[in-house]
Amino acid sequence: MRIENEIKLGFKDVMFRPKRSTLKSRSQVSLERTYKFMHSTHEWTGVPIMAANMDTVGTFEMALTLADKKLFSAIHKHYTIEEWDAFLGNAPKGIENYIAISTGTGDADLNKVEEMMNKHPHLKFICIDVANGYSEHFVAFVKKARALFPDKVIIAGNVVTGEMVEELLLAGADIIKVGIGPGSVCTTRVKTGVGYPQVSAIIECADAAHGLGGLIISDGGCSVPGDVSKAFGAGADFVMLGGMLAGHDESGGETVEKDGKQYKQFYGMSSATAMDKHVGGVANYRASEGKTVEVEYRGPVNNTLLDILGGVRSTCTYVGAQQLKELSKRTTFIRVAEQENRVYTK
Ligand code: 5GP
């Protein structure tokens, strides 16, 4: 046994130190970024915030609303090919720049991706997603995907340490998804004791990725717009959101009414709810590692997006970053033992 004594930090442990700025207003701040990729020759321009590939968040409806503002959606993997055909028949031109298809690492998953790409060759992004990105099988799958789809943008995850970021990038991924355990409906840390505080994971993984020309997504743990800013400040190229986008019209799941209030169901993709729905229950060799919750219904997602984008713009003005690109360069985090004053918080 060995202990690493260096403290690892999460969103709640840091704040931005404000810096002198010449910006007059947050309306001067541009949140668009343009990225080139390590393997794919595509180039991407947009606002690098993503809907998570959860069936309650990464829906077609969410993708249409987000794409309209140049935000990205990792579409969940449970849509059938027929549902995809129907969506792509309606969706506006250019939607392929703002959506990824998601896949696991089974043979059936790979067959489905191949069929999708043959039918819809304009799709550009593939998100290969497993809870634990540390297995050799996963690395082999990423290599296979790169060989089959030489010019697609491949997202792979999840991992939380630099050496695995490097391994997956060298195996053929363009973007690495970072986060084990921080998610709002994740119980991995409780069930397994495994995890890594998200701000430190981002700092360390961004450093590893950027050294090779790769990119990272911070995935999980953002509960307020300030956390999204902190993820960018720490070095994330993209920030993926689950819970912050749940509960809206565009989110999946039924709206239910309780005591005169409306709620929407939101659950982890490894929760018993998701496994019952998609794979006929939790297999007896594993534990469910996700929660099922009901979140207050919040109407159209547009209002929430304005709140998030306004928050990130405002962070940029506090540190003097005219573009999102400058935010991490201008970030000095201070370690803190307090966050919000909750006197009037219910
Ligand atoms: P949030 O933004 O809600 O904090 O986190 C969203 C992320 O949580 C997802 O993108 C995914 O990485 C992770 N996640 C989703 N479902 C589950 C689950 O059932 N178990 C675990 N461990 N993580 C999950």
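First, a word on what this report is: a plain description of the structure on this page. Predicted model, so just to flag it, every value in this text is computed and none were measured.

So, how was this worked out
- Residues numbered from 1 in each chain as written.
- Predicted model: local features only at pLDDT ≥ 70, side-chain atom pairs only at ≥ 80, totals over all residues.
- Heavy atoms only, no water.
- Helix = DSSP H or I, 4+ residues; strand = E, 2+ residues; numbered from the N terminus.
- Rg over C-alpha atoms; globule rule 2.2 N^0.38 Å.
- Buried < 20%, exposed > 50% of the residue type's maximum accessible area, 1.4 Å probe, protein only.
- Contact = heavy atoms within 4.5 Å.
- Areas by Shrake-Rupley, 256 points an atom, 1.4 Å probe, with all protein chains shown as cover.
- Lys, Arg positive; Asp, Glu negative; His and termini not counted.
- Charge placed at Lys NZ, Arg CZ, Asp CG, Glu CD.
- Axes fitted to C-alpha atoms, helices over the stretch in contact; angles between N-to-C directions.
- Parallel < 35°, antiparallel > 145°, perpendicular 65-115°, else oblique.
- Nonpolar A, V, L, I, M, F, W, Y, C, P; charged D, E, K, R; others polar.
- Near = heavy atom within 4 Å.
- Polar contact = N/O pair within 3.5 Å; in protein donor to acceptor, adjacent residues only side chain to side chain.
- Pairing = 2+ DSSP bridges.
- Patch = residues over 30% accessible without salt bridge, like charges linked within 9 Å, V, L, I, M, F, W, Y side chains within 5 Å.
- Salt bridge = Lys/Arg side-chain N within 4 Å of Asp/Glu carboxyl O.
- Core = buried A, V, L, I, M, F, W, Y, C linked by side-chain atoms within 4.5 Å.

## Looking at the overall build of the protein chain
Across its full length, the protein chain carries 11 helices and 15 strands. For a compact globule of 346 residues, the expected C-alpha radius of gyration is about 20 Å, and the protein chain comes in at 19 Å, within 12% of that figure. Counting only residues that meet the buried cut, the protein chain has 52% of its 346 residues in that class. Looking at the protein chain alone, contacts between residues at least 24 apart form 67% of all its contacts between residues at least 6 apart. As presented, the protein chain carries roughly 16500 Å² of accessible surface, and 49% of it is formed by carbon and sulfur atoms. On the protein chain, the mean spot of the 39 positive side-chain charges and the mean spot of the 41 negative ones are 7 Å from each other.

## Observations regarding the packing of helix α4 (residues 136-148) against helix α5 (residues 162-171)
Running from N to C, α4 and α5 point in directions that differ by 30°, and their axes come no closer than 8 Å. In terms of their interaxial angle, α4 and α5 are classed as roughly parallel. Within the contact between the two elements, α4 uses F138, V139, V142, K143 and R146 and α5 uses M164, E167, L168 and A171. Of the residues that constitute the contact of α4 with α5, the class distribution is six nonpolar, no polar and three charged.

## Points about the site of the ligand
The local shell around the ligand holds 20 residues, among which S184, T188, D219, S270 and E289 are the closest. One of the backbone nitrogen or oxygen atoms of M269 is found 2.8 Å away from a nitrogen atom of the ligand. Class assignment of the residues belonging to the shell around the ligand gives a composition of six nonpolar, 12 polar and two charged.

## Observations concerning the pairing of strand β11 (residues 238-241)
Residues F238 and M240 point to one face of β11 and V239 and L241 to the other, with burial holding for every one of them. Pairing of strand β4 (residues 49-51) with β11, which is carried by three bridges, proceeds in the parallel orientation. If you follow A51 over to β11, its bridge partner there is L241.

## Here's the deal with a negative patch on the surface
Side chains of E136, E163, E166, E167 and D207 sit close together on the surface and give a patch of like negative charge. For the negative patch, the element with the most residues is α5, which contributes three residues. Within the element layout of this structure, E167 appears in helix α5.

## Topic: the nonpolar core
Ranked by size, the top nonpolar core spans 106 residues in total, and within it I49, W84, I99, I176, V228, L241 and L245 carry the most contacts. If we skip the residues at most four places from it in the chain, L241 touches I49, M50, A51, A52, V57, C222, V228 and I308.

## What about the pattern of salt bridges?
Considering all chains together, one arrives at 15 salt bridges under this definition. Where D129 meets K177, a salt bridge forms, and the shortest distance between an N and an O atom there is 3.1 Å. Of the two residues, D129 sits in strand β7 (residues 125-129) while K177 sits in strand β9 (residues 175-178), which places them 48 residues apart along the sequence. Among the salt bridges present, the one from K258 reaches E294, with a minimum N-O distance of 2.7 Å. Highlighted residues: K258 in strand β12 (residues 255-258) and E294 in strand β14 (residues 292-296), separated in sequence by 36 residues. By relative accessible area, which is 42% here, K258 ends up partly exposed. Owing to a relative accessible area of 38%, E294 belongs among the partly exposed residues under this scheme.

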